[in-house]
Number of protein chains: 2
Amino acid sequence: MQIGLLGYGTVGKGFYALAAEQPSLTVKTLLTRRPRGLACRETGDFADIARDPDIDVVVELIGGIHPAYEYISAALRAKKHVVTANKAVVCAYYRELVELAFQNGVCLRCTAAAGGGIPWLSSLGRVARMDRITAVEGILNGTTNYILSEMTARNAPYPELLKQAQQLGYAEADPTDDVEGYDARRKLVLSADLAFSALLQEGDIPCVGISRMTVADIAWARERGLVWKLNARAERRGDAVSAFVCPTLFPASTPEGQTNGSANRISLYAERIGKQSFSGAGAGGWPTASNVLADCLSIAGGAAPFYSDRPVEPLAVDNREGERTWLFRSYGRYAIRQETAAEAFEAYGAVSESDPTSLLAYLPYGML
Amino acid sequence: MQIGLLGYGTVGKGFYALAAEQPSLTVKTLLTRRPRGLACRETGDFADIARDPDIDVVVELIGGIHPAYEYISAALRAKKHVVTANKAVVCAYYRELVELAFQNGVCLRCTAAAGGGIPWLSSLGRVARMDRITAVEGILNGTTNYILSEMTARNAPYPELLKQAQQLGYAEADPTDDVEGYDARRKLVLSADLAFSALLQEGDIPCVGISRMTVADIAWARERGLVWKLNARAERRGDAVSAFVCPTLFPASTPEGQTNGSANRISLYAERIGKQSFSGAGAGGWPTASNVLADCLSIAGGAAPFYSDRPVEPLAVDNREGERTWLFRSYGRYAIRQETAAEAFEAYGAVSESDPTSLLAYLPYGML
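In every chain, residue numbers begin from 1 and rise along the written sequence. Ligands are numbered from 1 and chains lettered from A, in the order in which they are written. Confidence filtering applies because this is a predicted model: local features only for residues at pLDDT of at least 70, side-chain atom pairs given and counted only at 80 or more, and all residues used for totals across whole chains, interfaces and linings. The basis for the side-chain values is all heavy atoms of the structure; hydrogens and waters are excluded.

K.L.:
Any chance you could explain the sheet that holds strand S6 (residues 108–109) of chain B here in plain terms?
P.N.:
Strand pairs in the sheet, formed through backbone hydrogen bonds, run parallel or antiparallel to each other. Residues and elements named next belong to chain B. The strand order S3-S2-S1-S4-S5-S6 describes an open sheet built from 6 strands, whose pairing is parallel. Looking along the sheet, the strands with just one partner apiece sit at the ends: strand S3 (41–43) and S6. Two strands make a pair as long as DSSP finds a minimum of two bridges between them. Numbering goes from the N terminus for both helices and strands, where a helix is a DSSP run of H or I of at least four residues and a strand is a run of E of at least two. Direction of pairing for strand S1 (residues 2–6) relative to strand S2 (residues 26–31): parallel, over a ladder of 5 bridges. Following the sheet pairing, Leu-5 is matched in S2 by Leu-30. Contacts are assigned to residue pairs that have any heavy atoms within 4.5 Å of one another. All axes are obtained by fitting lines to C-alpha atoms, using only the stretch in contact for helices, and the reported angles, taken between N-to-C directions, cover 0 to 180 degrees. Sheet strands touched by helix H1 (residues 10–20): S1, S2 and strand S4 (57–60). Its angle to S1, the strand with the most contacts, is close to 165 degrees. Each of S1, S2, S4 and strand S5 (81–84) touches helix H3 (residues 68–77); the most contacted strand, S5, lies at about 150 degrees to it.

K.L.:
Is there a simple way to explain the side chain of Asn-319 of chain A in this structure?
P.N.:
Tracing the backbone through its elements, the reader meets Asn-319 of chain A in the loop between strand S13 (313–314) and strand S14 (324–330). Discounting residues that sit within four places of it in the chain, Asn-319 of chain A has contacts with Pro-206, Ser-242, Ala-243, Phe-244, Thr-340, Ala-341 and Ala-342 of chain A.

K.L.:
What should I look at first to understand the domain arrangement of chain A in this one?
P.N.:
How big an interface is tends to be stated in terms of accessible area lost as the parts join. All names here are of chain A. The split into domains, and so the bounds of each, comes from an automatic or database assignment of domains. Here the domain parsing of chain A yields domain 1 (2–109) and domain 2 (130–281 + 315–362). Using only C-alpha atoms to locate each centre, domain 1 and domain 2 end up separated by 32 Å. Counting from both sides, the interface comprises 6 residues of domain 1 and, opposite them, 10 residues of domain 2. A combined buried area of about 730 Å² lies between domain 1 and domain 2, and 76% of that area is made up of carbon and sulfur atoms. The largest per-residue losses of area from domain 1 upon contact with domain 2 belong to Lys-87, Cys-91 and Tyr-94, which jointly make up 77% of the total buried on that side. A salt bridge links Lys-87 to Asp-183; its shortest N-O distance comes to 3.3 Å. Definition of a polar contact: a pair of N or O atoms within 3.5 Å, with one able to donate and the other able to accept a hydrogen when the atoms are protein atoms, and with sequence-neighbouring residues admitted only if both atoms are side-chain atoms. Linking domain 1 with domain 2 are 1 residue pair in polar contact (both at pLDDT 80 or more), by the criterion used here. By buried area we mean the combined loss of accessible area, with a 1.4 Å probe, across both parts when two parts are placed together. Think of a salt bridge as a Lys or Arg side-chain nitrogen and an Asp or Glu carboxyl oxygen that are within 4 Å of each other.

K.L.:
Quick question: what am I supposed to make of the interface of chain B and chain A here?
P.N.:
Residue-level contacts link 35 residues of chain B with 35 residues of chain A. Between chain B and chain A, a total of about 2800 Å² is buried, with carbon and sulfur atoms accounting for 47% of that surface. Together, Arg-126, Met-130 and Arg-272 of chain B form the three largest contributors to the area buried by chain B at its contact with chain A, with a combined 23%. Summed over the shared surface of chain B and chain A, the result is 2 salt bridges. Notably, a salt bridge pairs Arg-272 of chain B with Glu-21 of chain A, separated by 2.5 Å at the nearest N-O pair.

K.L.:
Sorry if this is basic, but what is going on with the sheet that holds strand S2 (residues 26–31) of chain A here?
P.N.:
Residues and elements named next belong to chain A. Strand order in the open sheet made by the 6 strands is S3-S2-S1-S4-S5-S6, with parallel pairing throughout. Only two strands of the sheet have a single neighbouring strand rather than two, namely strand S3 (41–43) and strand S6 (108–109). With 2 bridges joining them, strand S5 (residues 81–84) and S6 adopt parallel strand pairing. Its bridge partner lying in S6, Val-83 is registered against Arg-109. Packed on one face of the sheet, helix H1 (residues 10–20) meets strand S1 (2–6), S2 and strand S4 (57–60) and runs near 165 degrees to S1. Of the strands in this sheet, S1, S4, S5 and S6 are in contact with helix H12 (residues 285–300), which crosses S5 at around 160 degrees.

Spelled out as structure tokens, the structure:
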């Protein structure tokens, strides 16, 4: 199987090295802005890949929405399989891309887009074909998990840890997508779309990140045997989905509470098989590249066009049912409230100089 | 795809119901000793399935080694794919069955044979194709985990909990395979064979079960913040594998320590992608049947003959390198020793009236 590779960053380099070890795969052409001196052909023009009849699969690792969307669409229209690690583009154009894959009888796979090296989306698709999935949730962002783990371990403030994460390459120069929870939210949308055969809109899902968190917040939790994690959760509620992304307090002794550093831990709940959890490296060149490679091998082995072939319907996000436990902070004081997710996030949205009440955390175990 | 189903116990019933929901699958014939009144054809003669050219896949759920081995071999020779949940037969005839599948160009899959409903062997095969796996380990037996969890929670003695597990259907009338660790050992052999492209002999792997455990042992651990789990572990050591099955003391706060009831938790360690862990229901009709169904769907989707196509070589078990921490009991007193696994299990084998020193546990975290 011959591959056209788009991008040669950390994941692209890892994928190139892994693919070289597979007798069934050859990277024929690399799309790159500057010469890399590789054994394969290098080009700066995507048309060299799109028009090459020898290329069976396009592996998109450039990230961002444009021109990734145009490249992926063009590749699918040219009846080439597509593998991508790009959650932003798949999330934004989920229905269009899945439909294009089916129309053209080729595969679209994006296992590396959620969970790094964990076989999460592929396992989720597998369960979705034979059971009714009731909820998906997890620690889906390695950057925030690293920052929270270090804040907890070293009692150091958020800005210092963010800077360190940037220096170590765990966080981007513009960390907004990670620290405000948008990256986790996109992974949640992808997971929920697949789990519920649904089409969720990113913007419908309320989202609180970790950028307002203080050393005092960490200490408050520690005194109570709790630790902070940025958790994303979506669950079926009748004809709608309750979904949100929020810092979440887990007892330190739970598997979630023990998921430290840049690790991810993701779970699904299904009616017949119960709960299944998956954990491992949620980011990094090798793990992410390994899921990209696994997708290529699945395609070489005759994978279906997409993880699920069930029709995809728009699904409303509705957080107005069911009271949960939440932690708020107002003028430096902490308050626990029982209310629906809709009410809790509404309060968060209302933060202002005159009413600085802030939603801090979801407490899935309540106050112990 | 038309299926010949062998056996209609708990898993067989679950599979029959799940398959009925899949448009691509039809159970054409059931091999059963007594009439079940199902819509499919029922027969007491395996030849009716083996000789039926319409049947593409044989699903073996009768368990035991004979006649399961003869049925599976005959099906593969008749160029029918085989899916089985039977760890005993695959473990005993691993090389023969894998070779038969390749020779006849059909699939052999047994994902339900280890980890119940967890996509463990399929994930392991996926990683084995692209990374070097250095170790596999886990809580692989639901029956012993249930008994140990209940002994811990209720401070009740082993014989009482075994009886309860039998009444609840968690343990067989003859519980030997579960409680002596043989079931976990077979699952370890299957996992290690796949992970290391190896061929291990069950009998080469030292194995201690839970049948000698006392309420005092549970209490000793509890005072130290530790909990008992029956853990199976295999790791590469040069050209050999160090492997053993042994009650193991995990800190109560670790993910392993928190794996309770009949749940399983299994991990792999690979050079590039690091550690990945999988947890969920390790037994039960629906979870096990779901992995059997997933195997059928993989075959319908064009799966390869086996999880891995790497050559399988006999591999020696060698536990003589590397000191670890072990807990022994002698005349009711506990002693911690640092020694190799080979030495620890040798001491266990030497238990007698005159020297009742008994290996109790492996302490992977040492004494905290």
